[in-house]
Amino acid sequence: MGIKRPTREDVAREAGTSVAVVTYTVNNGPRPVAAETRKRVLAAIEKLGYNPNRAARVLASGKSGIYGLVLPNITNPFIAEIAHAFHARAFMRGETIMLGDSADNPHEERLLLRSLISHQVDGVIYMGTVENLALDIFTDTNTPVVVFTYADSDSRCPSVRIDETRAVYALTSHLKRHGYEDIALLTGPPGMKNSFVRARGWCRATGKPQSSAGISWGAYSRICGYEWVLEKSRKGRMPRALVTGNERQALGVLAACADLGIRVPEDLAVAALNGSSDSGFTTPSLTSVRQPWEEMTRRTFEILDKARPAAQTEGTVCGFDLVVGRSCGCAHAGTDDRRVIAAWATPLAESLDSAAGVGRDLPKNERKRNG
């Protein structure tokens, strides 16, 4: 005689609640369940080893409880943090993330998107390898999609992102407040729109045009940052400060400076867009703009939870944080905890601030929420 499998009634009895409440917990709705009650139900499920029939769940609720997440390359710590944040948000909601890593390959990206749709996921969160997104794949489907970070999705589908022009403006302005006048920008390749989005922030802060020799265009990669330093050093044209388009470029810059004996920040101050927890453990610690993952993932799921998310086609713009390390030349008044910089997170991103407390000297308009 086989072992009797635990039922929903068994879970309800163990948790001291009704079968309906167990159903609402397992299906994440349609009615809300109090946090403490949900905790009891989940504990009972764990204790009894109850495994709800997913097929029955889908038929009963029309929802699978699974969301697809397509990212370009999770070997990049910044991208990996996005994956981690969405997993944490989905887990908190009692749902699951199905992750697809396109490995920076647009063809693989299209295959992943089609595969997720065929698995009848409840929605897709999509960060493209290139800005010409494969949104045509969703044309004849009922699967909602939200684009994450900047791309060409406006007027086509909803998106969630920060204002990267304002972010680069904030980084450049921060370096200017140090008294640096010769501030360069290493942005992305000229074939990408976000390279120009980031360049606009530098232009606004410096008053220089996009044709300025102060702007360099290159891949968002470590080797690009490394070779940028080699070239500037070889030509004797090293600026006093540099803003990079992403953290990977900055890592290459720091490595080249170490190899060539260029001191950071004494000889070259560095600040980067889109830092990750790695920013706290570079040498020196890296000043960077950080994105508010908790707020951004929450807003993404709020859009996906709507009955017709496709009706929203404007970008949802969130704030950001300027997290100050040693690389920009800030004098840390007894606060230089790498763990703090690495673990920096401001769920609502209500202000531009600094892990070292130097945000107090920012102009009032700069302390307000960006976005």
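Cut-offs used in this document
- Each chain has its residues counted from 1, running along the sequence as written.
- Per-residue local features are limited, in this predicted model, to residues with pLDDT of at least 70; the limit for side-chain atom pairs, both in listing and counting, is 80 or more; totals at the level of whole chains, interfaces and linings are taken over all residues.
- Side-chain metrics in this entry use all non-hydrogen atoms of the structure; hydrogen atoms and water are not considered.
- Here, nonpolar core means buried Ala, Val, Leu, Ile, Met, Phe, Trp, Tyr and Cys residues that are tied together by side-chain atoms lying within 4.5 Å of each other.
- Working definition: with a 1.4 Å probe on protein chains only, accessible area under 20% of the residue-type maximum means buried, over 50% means exposed, and in between means partly exposed.
- Put simply, DSSP marks the helices as runs of H or I at least four residues long and the strands as runs of E at least two long, and each gets a number from the N terminus on.
- The contact rule is simple, with two residues in contact once any of their heavy atoms fall within 4.5 Å.
- Axis geometry follows a simple rule: fit a line to the C-alpha atoms, using only the stretch in contact for helices, then measure angles between N-to-C directions, giving values from 0 to 180 degrees.
- Oblique is the label for any angle not covered by the other classes, which are roughly parallel (under 35 degrees), roughly antiparallel (over 145) and roughly perpendicular (65 to 115).
- Gly is put with the polar residues, along with every residue not named as nonpolar or charged; the nonpolar set is Ala, Val, Leu, Ile, Met, Phe, Trp, Tyr, Cys and Pro, and the charged set is Asp, Glu, Lys and Arg.
- At least two DSSP bridges between two strands are required for those strands to pair.
- When charges are counted, Lys and Arg are positive and Asp and Glu negative, with His and the chain ends excluded.
- By salt bridge we mean one thing: a side-chain nitrogen of Lys or Arg within 4 Å of a carboxyl oxygen of Asp or Glu.
- Any pair of nitrogen or oxygen atoms within 3.5 Å is treated as a polar contact; in protein, a donor-acceptor pairing is required on top of that, and neighbouring residues in sequence qualify only through side-chain atoms on both sides.
- Between the rings of Phe, Tyr and Trp (Trp by its six-membered ring), a pair exists once the centres lie within 6.5 Å; its type follows the angle of the planes, with under 30 degrees stacked, over 60 edge-to-face, and the other angles tilted.
- The quantity known as pLDDT measures the predictor's confidence residue by residue, on a range of 0 to 100.

Counting 46 residues, the largest nonpolar core has I82 and L175 as its most contacted members. Broken down by element, the residue count for this core peaks at seven residues, all from helix 5 (residues 77-92). With sequence-adjacent residues up to four places away left out, I82 is seen in contact with L71, M127, F148 and W293. Core analysis: the second largest hydrophobic core is formed by 17 residues, A184, V229, L254 and V264 among them.

The next point concerns the packing of helix 1 (residues 8-15) against helix 2 (residues 19-27). One can describe the packing of helix 1 onto helix 2 by two numbers: an axis separation of 8 Å at closest approach and a directional angle of 105°. By the criterion of interaxial angle, the relationship of helix 1 to helix 2 is roughly perpendicular. Residues R8, E9, V11 and A12 of helix 1 pack against V19, V22, T23 and V26 of helix 2. Partitioning the contact of helix 1 with helix 2 into residue classes produces five nonpolar, one polar and two charged.

A separate point is the sheet that holds strand 1 (residues 66-71). Read across the open sheet, the six strands follow the order 2-1-3-4-5-11; overall the sheet is parallel. With partners counted over all chains shown, the strands left at the sheet margins are strand 2 (96-101) and strand 11 (315-318), one partner each. Within the sheet, the average angular offset between the axes of one strand and its neighbour, ignoring direction, is 20°. As defined by bridge partners, strand 1 adjoins strand 2 across six bridges and the pair is classed as parallel. In the sheet register, Y67 faces strand 2, and the bridge partner there is I97.

Looking at the element boundaries, E81 is found in helix 5. It is R290 that comes nearest to the buried, bridge-free E81 among opposite-charge side chains, at 4.9 Å. Among the polar contacts made by the side chain of E81, one reaches the side chain of W293 at a distance of 3.3 Å. Excluding residues within four positions of it along the chain, E81 makes contact with S276, S277 and W293.

Going residue by residue along strand 4 (residues 145-148), you find V145 and V147 tucked away on one face and V146 and F148 tucked away on the opposite face as well. Both strand 4 and strand 5 (residues 159-162) contribute to a ladder of two bridges, which runs parallel. In the sheet register, F148 faces strand 5, and the bridge partner there is V160.

Time to look at the sheet that holds strand 12 (residues 321-323). Strand order across the open sheet formed by six strands is 7-6-8-9-10-12, with mixed pairing between neighbours. Either end of the sheet is taken by a strand with one partner, and the two such strands are strand 7 (215-217) and strand 12. Between one strand axis and the next, the sheet turns by 20° as a mean value, whatever way the strands run. Examined bridge by bridge, strand 8 (residues 241-244) and strand 9 (residues 269-272) share four bridges and lie parallel to one another. Looking across to strand 9, one finds that V243 is bridged to A271. Here helix 8 (residues 193-206) sits on the sheet and contacts strand 6 (183-187) and strand 7; the angle it forms with strand 6, its principal contact strand, is near 170°.

With that settled, consider the packing of aromatic side chains. Counting across every chain of the model gives six aromatic pairs. Aromatic pair F78 and W293: ring centres 5.3 Å apart, planes at 55°, arrangement tilted. With a gap of 215 residues between them, F78 in helix 5 and W293 in helix 11 (residues 293-305) connect regions that are remote in the sequence. Both residues of the pair, F78 and W293, count as buried. An aromatic cluster is defined as three or more aromatic residues linked by ring pairs; in this entry it consists of Y67, F78, F86, F148, W293 and F301.

Let us look at the confidence of the model for the chain. The predicted model of the chain has a mean per-residue pLDDT of 84, with 83% of residues at 70 or higher. Every residue in residues 346-371 scores below 50 in pLDDT, and together they form 71 contacts with partners more than four places removed in sequence or on other chains.

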